[in-house]
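# Architecture and fold: a report
Here is what each chain is made of, one letter per residue.
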Amino acid sequence: MDLSPLQQERYQYKPKLPALLKNRPTEIKAVLGQPTSAYADADELKKLFKNNFGAPIALFEPGNNPDAAAVRNVGVILSGGQAPGGHNVIAGLFDGIKAANADSKLFGFLGGPSGIVDDQAVEITGEMMDAYRNTGGFDMIGSGRTKLETVEQFDKCIEVCQRRSISAIVIIGGDDSNTNAAVLAEYFAEKQTGISVIGCPKTIDGDLKNEYIETSFGFDTATKTYAELIGNIERDADSAKKYWHFIKLMGRSASHIALECALQTQPNFCIISEEVEKEQKTLMQIAKEIADIVITRACDGKTFGVGLIPEGLIEFIPEMKTLIAELNDLMAQNESEFSALPDFASQTKWLKQHFSKESAAAFDSLPEGIAKQLLLDRDPHGNVQVSLIETEKLLSEMVKKAIKARGEKVKFSALHHFFGYEGRCAFPSNFDADYCYSLGYNASLLIANNLSGYLSSVRNLAAPADEWIAGGIPLTMMMNMEQRHGALKPVIRKALVDLDAAPFQAFAANRERWARETCYTYPGAIQYYGPASVCDLTTKTLACEAKKN
Ligand code: FBP
């Protein structure tokens, strides 16, 4: 492999661990707290998770755990979209199990969750691991979006684990993948297999979070990568003074990425989907508000600007949300009938016969290109693939119309960007390199303490790594019941942007000034070497949340 100078340097980087995890694994023990409940729908969940529901929170403390020294074979799976730092989770897990017993083995299942069902795996050796330390990407073992949900798949997992003498599986994934981890852990417990399942919180979207999971890994690096690009565009906009840049940012559902990037770069507008939903704004209202900003700035002589649009916006606009929910159910319940329709015209005709009146009107109001994008294949979890919908173009078109409708003769020339894939495989920032390594190492300790159905938790993240607090939280604690594929299912609740919390409040307090004036800030590229004030910076989101507590 040809290596860049940065990659060679990054191999030498030693990720920081919480102080306690520097002890020998046999000298760290899990202390269990009080029984837990669920985010909501506890009675229903108790019936579905008879073995694992109510498990206590685990906190690591110094203490004897001779069990840690046992030889163990562990399997690891990368699940879902790429997020910077995935290789370091594997590195932390690898180093953790080897520190406990050098004869323990780590198997990487290839290509995501399907790797375990198809028994496609490699044994991760020291040499292989060293070639991926502190690098971005998931290419070491690959990822995938296969959903582990059927009894046949679960039985296959048991068979494969038994054949390879694997006693624990670590699933590195987002809310959907960790929901599957919870269901798998319950099945393993019911069948008394003795195989444990541990999750690690991954997703650039930042929507797998709560009191014990302060952020999912990858959010830090991805937002810093996008913020660098946005800052560069802002400087270009202010230099050329002739374009409005409409920038869509990844984040399937929640607007954490857009909010964080807005705090880092101070653009002229940033839409927060959760606010749109709360205020029940229509698409036209959003466009009119942006048009007001464009006109005000033009009157001040500023015929340029930069605006951020969260990828998931479309599903938060009330009329679109209803439309998409109806579409998802109709497409799931009539899969073969719908997929047999030969073209867009016949699909439209069929849908109109099945839609409610409101959704038929909403569907009709969309430009054909966007309507077609809404009909594209769902992801394996039944979600519409919002990354394929060009909301940034839809909005700029509507803004143009809104300006025209007001009879204003202002210059409005829009350019469009979508930042998503650019940030998912970047070299992890120092924060993500440290956090991911700690999450993986911590997962090895949860296994060494014979826990199952837990998510690796490392918190107090705004403090230096030495002071981070390590432990585990039961996956069922984060669950509730939701409508999926036309049926009620137990799922980990997505953490959306909290409009009362400090990060949104910091944005809301400044956005009017940022809209009218030009207050751009330029974060520049992620720095890996240099002063800690630059290299070990956390996100503004974490910093705001930490200040509030
Ligand atoms: P995860 O939730 O699996 O981490 O993936 C999130 C994400 O990056 C979203 O931001 C985006 O909408 C989606 O993946 C894109 O999916 P794909 O990689 O399948 O195109």
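Residues numbered from 1 in each chain as written. Predicted model: local features only at pLDDT ≥ 70, side-chain atom pairs only at ≥ 80, totals over all residues. Heavy atoms only, no water.

## Regarding the pattern of salt bridges
Counted according to the given criterion, the structure contains 28 salt bridges. Ionic pairing is found between aspartate 536 and lysine 16, a salt bridge with its closest N-O pair at 3.7 Å. One end of the pair, aspartate 536, is in the loop between helix H22 (532-535) and helix H23 (540-548); the other, lysine 16, is in the loop between helix H1 (5-12) and strand E1 (28-32), and 520 residues separate them in sequence. Overall, lysine 16 belongs to the partly exposed group, its relative accessible area being 30%. A salt bridge links glutamate 277 to lysine 321, with the shortest nitrogen-to-oxygen separation between them at 2.6 Å. Taken as a pair, glutamate 277 in helix H10 (residues 273-278) and lysine 321 in helix H12 (residues 318-333) lie far apart in primary sequence, 44 residues in all. Shared partners join several salt bridges into a network, and the residues in it are Asp119, Glu159, Arg163 and Arg164. (Salt bridge = Lys/Arg side-chain N within 4 Å of Asp/Glu carboxyl O. Helix = DSSP H or I, 4+ residues; strand = E, 2+ residues; numbered from the N terminus. Buried < 20%, exposed > 50% of the residue type's maximum accessible area, 1.4 Å probe, protein only.)

## Brief notes about the packing of aromatic side chains
Throughout the structure, instances matching the rule amount to 15 aromatic pairs. Between tyrosine 435 and tryptophan 468 the ring centres are 6.2 Å apart and the planes differ by 90°, which places this aromatic pair in the edge-to-face class. Taken as a pair, tyrosine 435 in helix H19 (residues 430-448) and tryptophan 468 in the loop between strand E13 (454-459) and strand E14 (469-474) lie far apart in primary sequence, 33 residues in all. The class of tyrosine 435 is buried, set by a relative accessible area of 0%. Assessed through its relative accessible area of 7%, tryptophan 468 is described here as buried. Arranged with centres 6.3 Å apart and planes meeting at 35°, the rings of tyrosine 437 and tyrosine 441 form a pair that is tilted. Note that tyrosine 437 and tyrosine 441 are positioned in helix H19 at a spacing of four residues, about one turn of the helix. Accessibility assignment for this pair places tyrosine 437 and tyrosine 441 in one class, buried. Linked through ring pairs, Trp244, Phe246, Phe269 and Phe412 together constitute an aromatic cluster. Note that lysine 248 overlies the ring of phenylalanine 418, its terminal NZ or CZ placed 4.4 Å from the centroid. The ring of phenylalanine 344 has lysine 372 lying over it, and the distance from NZ or CZ to the ring centre is 5.4 Å. (Phe/Tyr/Trp six-rings, centres within 6.5 Å; stacked < 30°, edge-to-face > 60°. Lys NZ or Arg CZ within 6 Å of the ring centre and 35° of its normal.)

## Here's the deal with helix H14 (residues 344-354)
Of the residues making up H14, those classed as buried are Phe344, Gln347, Thr348, Trp350 and Leu351. Buried positions in H14, seen along its axis, are confined to an arc of 165° and lie on one side of it. For H14, the exposed residues lying more than 90 degrees away from the buried face are Ala345, Lys349 and Gln353. (Arc of directions from axis to C-beta.)

## With respect to the sheet that holds strand E12 (residues 414-419)
As a general point, the strands of a sheet are linked pairwise by backbone hydrogen bonds and lie either parallel or antiparallel. Ordered in space as E10-E11-E9-E12, the four strands form an open sheet in which the pairing is parallel. Each having just a single partner strand, strand E10 (269-270) and E12 make up the two edges of the open sheet. Lying on the sheet, helix H9 (residues 256-265) is in contact with strand E9 (244-249), E10 and strand E11 (305-310); it crosses E11 at an angle near 155°. Along the sheet face, helix H11 (residues 283-299) touches E9, E10 and E11 and points at about 150° away from the line of E9. (Pairing = 2+ DSSP bridges. Contact = heavy atoms within 4.5 Å. Axes fitted to C-alpha atoms, helices over the stretch in contact; angles between N-to-C directions.)

Coordinates in, geometry out; function isn't part of it.
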